[in-house]
There are 2 protein chains.
Amino acid sequence: MQDLTHDSFTLTRDYPVSPERVFRAFSDPGRKRRWFAEGEGFIVDSYALDFRVGGSESAAFRVDTPEFQSEEIRNQTYYLDIVPERRIVLAYSMSNAGVPFSASLQTVTLEARGDGTRLTLTEHVTFMEGADGTERRREGTEQLLDSLARELAAEAVS
Amino acid sequence: MQDLTHDSFTLTRDYPVSPERVFRAFSDPGRKRRWFAEGEGFIVDSYALDFRVGGSESAAFRVDTPEFQSEEIRNQTYYLDIVPERRIVLAYSMSNAGVPFSASLQTVTLEARGDGTRLTLTEHVTFMEGADGTERRREGTEQLLDSLARELAAEAVS
């Protein structure tokens, strides 16, 4: 067998804003870039989002901290299904210096809960040689959902 | 929860030709169209293959048999990783009359076994509302691998 590993995980979060607001943080390129691509220690070389079924999203960035400088890491996403304010289904690959190291199928569903929204994210991921594995991917995805919470909070007070 | 179901299956086949021959049946548009899109009872309305990382494949067809005529069914594929003669990683959606009913992450690996090739296909699939489910998907994928066997046999004697 080749060195491929398959895994899955599911994350759930509750946000204190409507599904419409949460959905807009995924569909609007400026908002999505803020919580998804930008962050301390990351240099974003390029970002583009064409949010529609059949559209794609690409982010190229480098980690640049005193402890570690990465090569160019690229996230390349394809949108497979979108139901506004309810569901986003996408596939994405991650590559390091042009070499893919993972491929994922990710489903995000949004449900109204009182005045808020429950987000459920399920990812099926295949890691190729040299990938860092499921625990790091889950942690990284949790950090993104935390970043989304900060984006939504900043919008609510602005 | 919304009506989404997640499932996975793995299929293994041995073909009596080299990995290079099997790989070419995936990479060559004419060969791929023959075993993947065409078949008795299917009318192919369009087929296109751009076999490269970041490239896509689309097939639009209708089932037309005495018992059943379908609306237009579309398979839209994105290639996430390709290692020639060893590995193909792709994501695809299936839609019926423009409405996606499934999204999949599929990994195909090829390994030399004597004079032949062992093919291992792993699919992670998410079904939306109205989908026919894992058993039909597994059967349909097994039929495709049978069709690939016939394509390879026809090439071997031609």
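Novice: Could you give an account of the relation of the copies chain A and chain B, naming the residues involved and the relevant values?
Specialist: Rotating chain A by 180° and translating it 0.0 Å along the rotation axis places it on chain B, where the RMSD comes to 0.0 Å. Read as a symmetry element, the transformation amounts to a two-fold axis. Comparing interface residues between copies, 100% of those in chain A also lie at the interface in chain B; the contact surface is shared.

Novice: Please give an account of unusual backbone geometry that cites residues and values.
Specialist: One non-glycine residue, E85 of chain A, lies in positive phi territory at about 65°. Secondary-structure assignment places E85 of chain A in the loop between β4 (73-83) and β5 (87-96).

Novice: Break down the packing of aromatic side chains for me, citing the residues and quoting the values.
Specialist: Considering all chains together, one arrives at 11 aromatic pairs over all chains under this definition. Note on F51 of chain A and Y79 of chain A: the rings are 5.0 Å apart at their centroids and 70° apart in plane angle, and the pair reads as edge-to-face. Here Y79 of chain A lies in strand β4 and F51 of chain A lies in the loop between β2 (42-49) and β3 (56-63), a separation of 28 residues in the sequence. Assigned by exposure class, F51 of chain A and Y79 of chain A land together as buried. Relative to F36 of chain B, the ring of W35 of chain B has its centre 6.0 Å away and its plane inclined at 80°; by these criteria the two rings are edge-to-face. By relative accessible area, which is 4% here, W35 of chain B ends up buried. Members of the aromatic cluster, each reached through a chain of ring pairs, are F23, F51 and Y79 of chain A. The positively charged end of K32 of chain A is found above the aromatic ring belonging to F36 of chain A, 4.3 Å away from the centroid.

Novice: Any details on the sheet that holds β4 of chain A? Residues and values, ideally.
Specialist: All names here are of chain A. Taken in spatial order, the seven strands of this open sheet run β1-β7-β6-β5-β4-β3-β2, and their pairing is antiparallel. Of all the strands in the sheet, the pair left with one neighbour each is β1 (5-15) and β2. Within the sheet, the average angular offset between the axes of one strand and its neighbour, ignoring direction, is 15°. Sheet topology places β5 next to strand β6 (residues 99-113); 10 bridges connect them, and they run antiparallel. Paired with M94 across the bridge in β6 is S102. Those strands touched by helix α1 (residues 19-27) are β1, β2, β4, β5, β6 and β7 (116-127), and its axis lies near 160° from that of β6. Contacts between helix α2 (residues 29-37) and the sheet are confined to β2, β3 and β4, with β2 contributing the most and set at about 145° to the helix.

What counts and how
Residues numbered from 1 in each chain as written. Chains lettered and ligands numbered in written order. Predicted model: local features only at pLDDT ≥ 70, side-chain atom pairs only at ≥ 80, totals over all residues. Heavy atoms only, no water. Least-squares fit on C-alpha atoms with pLDDT ≥ 70 in both. Contact = heavy atoms within 4.5 Å. Helix = DSSP H or I, 4+ residues; strand = E, 2+ residues; numbered from the N terminus. Phe/Tyr/Trp six-rings, centres within 6.5 Å; stacked < 30°, edge-to-face > 60°. Buried < 20%, exposed > 50% of the residue type's maximum accessible area, 1.4 Å probe, protein only. Lys NZ or Arg CZ within 6 Å of the ring centre and 35° of its normal. Pairing = 2+ DSSP bridges. Axes fitted to C-alpha atoms, helices over the stretch in contact; angles between N-to-C directions.

Keep in mind that these numbers describe shape and distance, not what the molecule does.
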